[in-house]
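Notes for the structure review
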2 protein chains.
Amino acid sequence: MNLNTSEILGLEDRYRRNLINSLLGPKSVVLVGSVSVNGIYNLAPFSQVFHVGANPPLAGLLFRPDSVPRHTLTNIRNTGFFTIQSIAEAWFAEAHQCSARYPKEVSEFEAMQLEPETFDGFAAPFVKNAKVKIGLSLKEEINIAINKTILVVGMIEKLIVPDDAVEEDGFLNPMETGAIAAAGLDSYYSLNHLARLKYAKPHLL
Amino acid sequence: MNLNTSEILGLEDRYRRNLINSLLGPKSVVLVGSVSVNGIYNLAPFSQVFHVGANPPLAGLLFRPDSVPRHTLTNIRNTGFFTIQSIAEAWFAEAHQCSARYPKEVSEFEAMQLEPETFDGFAAPFVKNAKVKIGLSLKEEINIAINKTILVVGMIEKLIVPDDAVEEDGFLNPMETGAIAAAGLDSYYSLNHLARLKYAKPHLL
């Protein structure tokens with residue numbers, strides 16, 4: 001298949017959405033937790049999530065345009081806090097189901113029977129069972145002009161990971177946390193480790 | 001391990017970089033191709049790459065601060081074009097090695113013995129062997145104030161994927177393209193498919 005922009009734009013909507021969403025191959029998938037001003041705990045799966053920096057520790061989340069209700073984005077704006085957690089193979093179907101358009105008075109934690117966990121001084125809820133729990137504060141909200149998507153950058157305020165999954169040099173081993181990957185809008189994968197490679201220098205291969 | 005921001009900031013630099021870079025679990029990894037004004041073909045691995053939108057078709061790349069030479073970013077700014085390609089299990093070590101700081105007059109294509117492929121009317125080079133080839137034009141460059149990283153948003157101008165890897169609904173199957181995932185700065189993974197799940201609705205699980 002060899003397509004240019006106008007041929008891509010001419011594809012049927014659902015076909016184009018599936019194709020373009022899956023082009024970059026396997027990607028991160030996490031659950032984002034937030035709380036409404038009325039105290040309803042929200043949980044939503046995200047695969048447009050990425051590392052922004054280590055010093056200070058930052059992560060980014062990309063939101064689709066603000067034209068339909070986005071409970072997670074509204075909650076982050078109103079409270080200033082959100083959580084990111086890894087998804088395990090044992091409950092990825094429940095995590096995916098959190099993408100359903102539940103009314104805003106319904107908590108996905110209750111609908112999915114996922115137990116929330118909260119900590120003093122941090123408003124947003126975590127998934128108790130998650131192996132990797134990251135609590136963030138909203139630092140920057142950036143509009144991408146070309147398609148009105150919204151990039152939220154958060155600073156890591158709280159980080160809970162299993163000791164035995166952290167290697168000597170700080171690397172958090174996803175084979176130990178059981179984190180999974182996604183592709184496109186609906187496909188999920190577990191991992192086989194290939195290798196960790198040395199820091200690349202011009203004279204080595 | 002349970003850390004707050006100041007405890008994270010207090011970690012040894014390399015340990016913190018490994019830890020924070022690996023928090024989000026498995027992630028995309030691609031090779032980005034570009035060409036300098038002097039005609040040198042450049043190739044660099046990126047794992048901060050993400051879907052930005054399907055209509056129009058857009059992808060984003062995050063660059064670290066502009067304080068050291070960034071051949072890829074300079075080339076994209078000067079020529080307006082870049083390529084993104086999937087990395088296969090057979091040559092992920094070569095792809096990783098492209099992250100070495102070669103002088104700007106050295107082409108990673110030559111250093112790695114990866115064959116370039118070019119098309120009329122599109123300046124940036126592709127990796128001939130890659131199964132998924134995406135050619136993009138620079139549409140937007142956005143500065144993230146908090147840590148001076150730079151988000152480049154490109155529009156997909158050219159898309160080449162194997163017909164037999166595209167499913168009926170447009171989904172590009174990564175088990176067919178052989179695309180791999182990365183974690184942290186140096187760890188690579190192949191995939192096991194778990195499932196494709198239905199579009200989530202509130203009354204279904």
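Since we're looking at a predicted model, the values are computed, not measured.

1. Looking at unusual backbone geometry
- Cis geometry marks the peptide bond from A:Asn55 to A:Pro56; its omega dihedral reads 0°.
- If you trace the backbone, A:Pro56 turns up in the loop between β5 (49–54) and β6 (57–63).

2. Observations regarding the sheet that holds strand β2 (residues 27–28) of chain A
- Pairing in this open sheet of six strands is antiparallel, and the strands run β2(A)-β12(A)-β13(A)-β13(B)-β12(B)-β2(B) from one edge to the other. Unpaired on one side and paired on the other, β2 of chain A together with β2 (27–28) of chain B mark the two borders of the sheet.
- The sheet contact formed by strand β12 (residues 181–183) of chain B and strand β13 (residues 187–196) of chain B spans three bridges and is antiparallel. Bridge assignment links B:Ala181 to a residue of β13(B), and that residue is B:Tyr189.

3. Observations concerning the interface of chain A and chain B
- Chain A puts 103 residues into the contact, and the matching count from chain B is 102 residues.
- In this assembly, chain A packs against chain B so that about 9000 Å² is buried in total across both faces, 64% of it on carbon and sulfur atoms.
- Joining chain A to chain B, the criterion identifies four salt bridges.
- Notably, a salt bridge pairs A:Asp186 with B:Arg196, separated by 2.9 Å at the nearest N-O pair.
- On inspection of chain A and its partner chain B, the count reaches 44 residue pairs in polar contact (both at pLDDT 80 or more).
- No other element matches the 10 residues that strand β13 (residues 187–196) of chain A contributes to the side of chain A that touches chain B.
- As paired strands, strand β1 (residues 2–4) of chain A and strand β11 (residues 149–160) of chain B are joined by three bridges and run antiparallel to one another. Its bridge partner being in β11(B), A:Leu3 is matched across the sheet by B:Leu159.

4. Overview of the relation of the copies chain A and chain B
- Rotating chain A by 180° and moving it 0.0 Å along the rotation axis overlays it on chain B with an RMSD of 0.0 Å. Such values leave the two copies arranged in the relation of a two-fold axis.

5. Considering the confidence of the model for chain A
- For chain A, mean pLDDT is 94; residues scoring 70 or higher make up 98% of the total.
- Quick note on the complex model: pTM equals 0.95, ipTM equals 0.96.

6. Regarding empty space enclosed by the protein
- Tallied over the entire structure, the rule returns six cavities of 30 Å³ or more.
- Size it by volume and the largest cavity reaches roughly 180 Å³.
- In terms of lining residues, the largest cavity is bounded by 19 residues, among which A:Lys27, A:Val49, B:Ser28, B:Val49 and B:Phe50 are the most central.
- The set of elements that each furnish at least two residues to the lining of the largest cavity consists of β2 and β5 of chain A together with β2 and β5 (49–54) of chain B.
- For the lining of the largest cavity, the class distribution of residues is six nonpolar, 11 polar and two charged.

7. As for the packing of aromatic side chains
- Tallied over the full model, the rule gives 13 aromatic pairs over all chains.
- When the ring of A:Phe46 is compared with that of A:Phe63, the centres are 5.0 Å apart and the planes differ by 70°; the resulting orientation is edge-to-face. One end of the pair, A:Phe46, is in strand β4 (residues 41–46); the other, A:Phe63, is in strand β6, with 17 residues separating them in the sequence.
- On the basis of relative accessible area, A:Phe63 is assigned to the buried category, the value being 3%.
- On the numbers, 5.4 Å between centres and 75° between planes, the contact of B:Phe119 with B:Phe126 is edge-to-face.
- A relative accessible area of 0% means that B:Phe126 is categorised as buried.
- The positively charged end of A:Lys158 is found above the aromatic ring belonging to A:Phe119, 4.7 Å away from the centroid.

What counts as what
- Residues numbered from 1 in each chain as written.
- Chains lettered and ligands numbered in written order.
- Predicted model: local features only at pLDDT ≥ 70, side-chain atom pairs only at ≥ 80, totals over all residues.
- Heavy atoms only, no water.
- Helix = DSSP H or I, 4+ residues; strand = E, 2+ residues; numbered from the N terminus.
- Pairing = 2+ DSSP bridges.
- Contact = heavy atoms within 4.5 Å.
- Buried area = accessible area lost by both parts, 1.4 Å probe.
- Salt bridge = Lys/Arg side-chain N within 4 Å of Asp/Glu carboxyl O.
- Polar contact = N/O pair within 3.5 Å; in protein donor to acceptor, adjacent residues only side chain to side chain.
- Least-squares fit on C-alpha atoms with pLDDT ≥ 70 in both.
- pLDDT = per-residue confidence, 0-100.
- 1 Å grid on protein atoms, 1.4 Å probe; cavity = no way out; pocket = protein on both sides within 12 Å on 5 of 7 lines; lining within 4 Å.
- Points joined across faces, edges and corners; volume = space filled by probe spheres on them.
- Nonpolar A, V, L, I, M, F, W, Y, C, P; charged D, E, K, R; others polar.
- Phe/Tyr/Trp six-rings, centres within 6.5 Å; stacked < 30°, edge-to-face > 60°.
- Buried < 20%, exposed > 50% of the residue type's maximum accessible area, 1.4 Å probe, protein only.
- Lys NZ or Arg CZ within 6 Å of the ring centre and 35° of its normal.

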